[in-house]
Amino acid sequence: KNEVEQSPQNLTAQEGEFITINCSYSVGISALHWLQQHPGGGIVSLFMLSSGKKKHGRLIATINIQEKHSSLHITASHPRDSAVYICAVGTWESNYQLIWGAGTKLIIKP
Amino acid sequence: DTAVSQTPKYLVTQMGNDKSIKCEQNLGHDTMYWYKQDSKKFLKIMFSYNNKELIINETVPNRFSPKSPDKAHLNLHINSLELGDSAVYFCASSHSTTGGKLFFGSGTQLSVL
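First, a word on what this report is: a plain description of the structure on this page. What you see is a predicted model; the values in this text were computed from it and never measured.

Calculation rules
- Residues numbered from 1 in each chain as written.
- Chains lettered and ligands numbered in written order.
- Predicted model: local features only at pLDDT ≥ 70, side-chain atom pairs only at ≥ 80, totals over all residues.
- Heavy atoms only, no water.
- Salt bridge = Lys/Arg side-chain N within 4 Å of Asp/Glu carboxyl O.
- Helix = DSSP H or I, 4+ residues; strand = E, 2+ residues; numbered from the N terminus.
- Buried < 20%, exposed > 50% of the residue type's maximum accessible area, 1.4 Å probe, protein only.
- Polar contact = N/O pair within 3.5 Å; in protein donor to acceptor, adjacent residues only side chain to side chain.
- Contact = heavy atoms within 4.5 Å.
- Disulfide = S-S within 2.5 Å.

### Focus: the pattern of salt bridges
When charged atoms on two side chains of opposite charge get close, those side chains can pair. Residue and element names in this part refer to chain B. Overall, the coordinates contain five salt bridges over all chains when judged by the stated rule. Among the ionic pairs, Arg 63 bridges to Glu 82, the shortest N-O distance being 3.5 Å. Taken as a pair, Arg 63 in the loop between β6 (53–57) and β7 (64–67) and Glu 82 in the loop between β8 (75–78) and β9 (87–94) lie far apart in primary sequence, 19 residues in all. Exposure remark for Arg 63: the relative accessible area of 14% places this residue in the buried category.

### So, the side chain of Thr91(A)
Examined against the element boundaries, Thr91(A) turns out to sit in the loop between β9 (83–90) and β10 (98–100). Within the local environment of Thr91(A), its side chain forms a polar contact with the backbone oxygen of Gly28(A), the two atoms lying 2.6 Å apart.

### Some remarks on the side chain of Ser45(A)
In this structure, Ser45(A) sits in strand β5 (residues 43–49). Classification of Ser45(A) as buried rests on a relative accessible area of 12%. Not counting the four nearest positions on each side in its chain, Ser45(A) is found in contact with Trp34(A), Leu35(A), Lys101(B) and Leu102(B).

### Concerning the state of the cysteines
Counting across every chain of the model gives two disulfides over all chains. Each sulfur in the disulfide pair Cys23(A) and Cys87(A) lies 1.9 Å from the other. With the S-S bond torsion at -60°, the cross-link from Cys23(A) to Cys87(A) turns out left-handed. Taken together, the residues Cys23(A) in strand β3 (residues 19–25) and Cys87(A) in strand β9 connect sequence positions 64 residues apart. Owing to a relative accessible area of 0%, Cys23(A) belongs among the buried residues under this scheme. Given the relative accessible area of 0%, Cys87(A) is considered buried. Put simply, Cys23(B) and Cys91(B) are joined by a disulfide, and their sulfur atoms are 1.8 Å apart. Classification of the bridge connecting Cys23(B) and Cys91(B) rests on its S-S torsion, roughly -75°, and on that basis the disulfide is left-handed. Highlighted residues: Cys23(B) in strand β3 (residues 19–25) and Cys91(B) in strand β9, separated in sequence by 68 residues.

See the structure below:
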């Protein structure tokens with residue numbers, strides 16, 4: 001079992017829908033990262049959080065430390081949100097090395 | 001100005017050759033990384049450097065060697081390239097090893113023929 005599990009693996013939705021991507025982890029973490037990889041390949045860091053909730057534009061990230069679970073939400077989704085979304089956790093159990101989820105491929109149809 | 005820049009973007013070469021990928025960051029970060037993204041899109045850390053000291057060295061072949069002339073640069077040298085080295089290689093940086101968002105370069109797609 002991977003230490004970082006993301007779900008779903010693939011998600012296709014219509015423009016305007018509310019999107020939720022989940023990330024569960026089994027290690028003690030110092031921080032959790034959400035990143036976005038565009039079809040062109042570039043990787044952008046969206047959020048880094050260790051508690052609570054962060055919001056940036058239409059993107060919201062939440063984390064529940066007790067349940068070892070984080071969610072990434074996209075409100076009013078748009079085709080330009082189509083990308084792979086990756087969860088990664090930094091853990092002192094492996095010298096703060098990031099452990100990566102497999103990614104969620106999101107396609108938003110117009 | 002690009003925060004983390006790596007060159008070249010594409011690299012096509014023959015098996016057995018030696019090649020380098022360059023990376024520079026202008027963010028003043030203390031830590032830089034090299035990641036390999038395989039065909040299944042998993043990102044695997046190869047190296048990280050903190051203030052020119054190698055602090056994480058995963059079990060990568062010793063044909064791969066990071067070189068850091070200063071804390072703004074971390075270049076990746078690969079000797080005797082093999083077919084299995086074909087992948088996308090990403091450079092990244094962060095404020096420190098224990099925290100801070102990651103900033104990625106645009107990636108180098110390496111194809112070994």
